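Structural overview
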Amino acid sequence: LKPPVRVAITGAAGQIGYSLIFRVASGEMLGPNQPVILHLIDLPFAMTALNGVVMEIQDCAFPLVQGIVATDNQQVGFKDVNYALLVGAKPRGPGMERGDLLKDNGKIFTETGKYINDHASRDIKVVVVGNPCNTNCLILANQIKDIPKENFTAMTRLDHNRAQHQLADKLGVHTSDIRKIAIFGNHSPTMVPYIDQMTAKNHKATVDQQWVTQTFIPTVQQRGAEIIKARKLSSAASAGNAAMNHITTWVNGTAEGDYTSMAIPSDGSYGVPKGLIFSFPVTVKNGKYSIVQGLPISPFYQGLLDKTIKELVDERNAVDHLLK
Ligand code: NAI
């Protein structure tokens, strides 16, 4: 066994937390040789519920769990942490404007950024799940002085996985046969599922454009709402699964000849303003991701990219005061 690593999960008493923590504890995220010390962080009012989660982890007798820190104190929560899955966020209440949501979450992620900068391990890898995740990540990364900016990412893997399933279903193949697809942009209804280079069973695969515009893209964009309608609860299990996938791929790499989707600081590729946290197709090797360059962008996709870029620029402008 390797020496243990510390994995922080915020919003640990919430729905996604409940689907995620036990799988991380079982070794599904970092592998069967990697012991973990779990750092479970939530707000003061949620400590009783979190204690219940801790009792359940104990009762699983997981061989790989070497310690549990459950706390509402972020200084303790992020101490020496190697991986952080930032799930906790303020949900959008009834009648709440997007601007207010950005502002309230801005406060949370400014504070968290300071604690991570001051207390976490210098090699920490962070994925922001709590919405609006791209701009929350931007605010967080802005607080970081001593850790490379590329260690701060946001999650679009759920959108990627959703797209993969829709395409596999349409083409009558298994999800694992679908390769070379990606999500560009914001984790929001403006996200852009890009499939012009798609392969199925290692052969170039196409689907008709009408299905793409009228069925595929709206289905991927609205899948979360559809699940809430069906379950009367949000898609916590698939979101937790995607957060784990995001970290696993970041650590273990992408398969040869394939790429994945991660929202990362833009370097200006594809005309995306530098610094925005934007989802790109990436390959990953030795724990480092690189944007897949040179994918052909049709006028159809350029139109969609322009919209999602504009939305993220508007979000950045709305939180400008937090980025000084
Ligand atoms: P939930 O409401 O069940 O749990 C959220 C938890 O976060 C609560 O226990 C709450 O007390 C805690 N929390 C709030 N602020 C916190 C803070 N400052 N520090 C620590 N903990 C804090 O919500 P659920 O279903 O677990 O979802 C969590 C977030 O994930 C939401 O923002 C949701 O929109 C987002 N999400 C993102 C997805 C993505 O694809 N990026 C997909 C699905 C959900």
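What this report covers is the structure whose coordinates are included nearby. Quantities reported herein were computed from a predicted structural model and do not represent experimental measurements.

**Here we look at the overall build of the chain**
Across its full length, the chain holds 9 helices and 14 strands. Here the C-alpha atoms of the chain give a radius of gyration of 19 Å, agreeing with the 20 Å that 2.2 N^0.38 yields for 324 residues. Expressed along its principal axes, the backbone C-alpha trace of the chain runs to roughly 50 × 45 × 40 Å. Counting across all 324 residues of the chain, residues that qualify as buried make up 53%. Taking as baseline every contact in the chain between residues at least 6 positions apart, the subset at least 24 positions apart corresponds to 72%.

**Concerning the packing of aromatic side chains**
Two aromatic rings, taken as a pair, are described by how far apart their centres are and by the angle between their planes. For the coordinates displayed, the defined rule picks out 10 aromatic pairs. Ring centres of phenylalanine 184 and phenylalanine 280 lie 6.4 Å apart, and the angle between their planes is 75 degrees; this geometry places the pair in the edge-to-face category. You can see phenylalanine 184 sitting in strand E8 (residues 182–184) and its partner phenylalanine 280 sitting in strand E13 (residues 277–285), a full 96 residues away along the chain. Take phenylalanine 184: its relative accessible area is 1%, and that puts it in the buried class.

**Notes on the sheet that holds strand E11 (residues 203–204)**
Overall, antiparallel pairing links the 3 strands, which are arranged E7-E10-E11 in an open sheet. On the outer flanks of this sheet lie strand E7 (178–179) and E11, each paired with one strand and no other. The pairing of E7 with strand E10 (residues 199–200) spans 2 bridges and is classified as antiparallel. Within E10, the residue paired with isoleucine 178 across the bridge is alanine 200.

**Description of the site of the ligand**
Around the ligand there are 21 residues in total, and Gln15, Ile16, Asp42, Val129 and Asn131 lie nearest to it. Glycine 11 is positioned such that a nitrogen or oxygen atom in its backbone is 3.4 Å from a nitrogen atom of the ligand. Within the side chain of serine 234, an N or O atom sits 3.4 Å from an oxygen atom of the ligand. Here the ligand loses 82% of its free accessible area of 870 Å² to cover by the protein chains. Considering only residue class, the shell around the ligand consists of 12 nonpolar, 8 polar and 1 charged.

**Description of the state of the cysteines**
Counted under the stated rule, the structure contains 0 disulfides. In this structure cysteine 137 is a free cysteine whose sulfur lies 8.2 Å from that of cysteine 133, the closest cysteine sulfur available.

**Here we look at helix H9 (residues 299–318)**
With 20 residues, H9 ought to run about 28 Å at 1.5 Å a step, and its terminal C-alpha atoms sit 29 Å apart, in line with that. In this structure, the buried side of H9 is in contact with helix H4 (98–119), helix H5 (133–142), E8, strand E9 (192–194) and E13.

**Description of helix H2 (residues 47–60)**
Here H2 contains 14 residues, and its C-alpha end-to-end distance of 20 Å stays within 8% of the 20 Å for a straight helix at 1.5 Å per residue. All of the buried residues along H2 are Leu50, Val53, Val54 and Ile57. Within H2, the buried residues cover an arc of 105 degrees as seen down the axis, which keeps them to one side. Residues Thr48, Gln58 and Asp59 are exposed on H2 and point more than 90 degrees away from its buried face. With its phi angle positive at about 50 degrees, alanine 61 sits one or two positions after the end of H2.

**A short note on the pairing of strand E3 (residues 65–71)**
With 6 bridges connecting them, strand E2 (residues 36–41) and E3 associate as parallel partners. The residue bridging valine 36 from the neighbouring strand is valine 65, located in E3.

**As for the pattern of salt bridges**
On inspection of all chains with the given rule, the structure shows 7 salt bridges. Where aspartate 80 meets lysine 79, a salt bridge forms, and the shortest distance between an N and an O atom there is 3.7 Å. With relative accessibility at 38%, the residue aspartate 80 sits in the partly exposed group. Under the relative-accessibility criterion, lysine 79 is labelled partly exposed at 43%.

**Digging into the environment of isoleucine 9**
Secondary-structure assignment places isoleucine 9 in strand E1 (residues 5–10). Judged by its relative accessible area of 0%, isoleucine 9 falls in the buried class. Separated by 12 residues in the primary sequence, isoleucine 9 and isoleucine 21 have C-alpha atoms spaced 7.7 Å apart. Other than its neighbours up to four places away in sequence, isoleucine 9 contacts Leu20, Ile21, Val24, His39, Leu40, Ile41, Leu85 and Val87.

Conventions adopted
- Residues numbered from 1 in each chain as written.
- Predicted model: local features only at pLDDT ≥ 70, side-chain atom pairs only at ≥ 80, totals over all residues.
- Heavy atoms only, no water.
- Helix = DSSP H or I, 4+ residues; strand = E, 2+ residues; numbered from the N terminus.
- Rg over C-alpha atoms; globule rule 2.2 N^0.38 Å.
- Buried < 20%, exposed > 50% of the residue type's maximum accessible area, 1.4 Å probe, protein only.
- Contact = heavy atoms within 4.5 Å.
- Phe/Tyr/Trp six-rings, centres within 6.5 Å; stacked < 30°, edge-to-face > 60°.
- Pairing = 2+ DSSP bridges.
- Near = heavy atom within 4 Å.
- Polar contact = N/O pair within 3.5 Å; in protein donor to acceptor, adjacent residues only side chain to side chain.
- Areas by Shrake-Rupley, 256 points an atom, 1.4 Å probe, with all protein chains shown as cover.
- Nonpolar A, V, L, I, M, F, W, Y, C, P; charged D, E, K, R; others polar.
- Disulfide = S-S within 2.5 Å.
- Expected span 1.5 Å × (residues − 1).
- Arc of directions from axis to C-beta.
- Salt bridge = Lys/Arg side-chain N within 4 Å of Asp/Glu carboxyl O.

These figures capture arrangement, not role.
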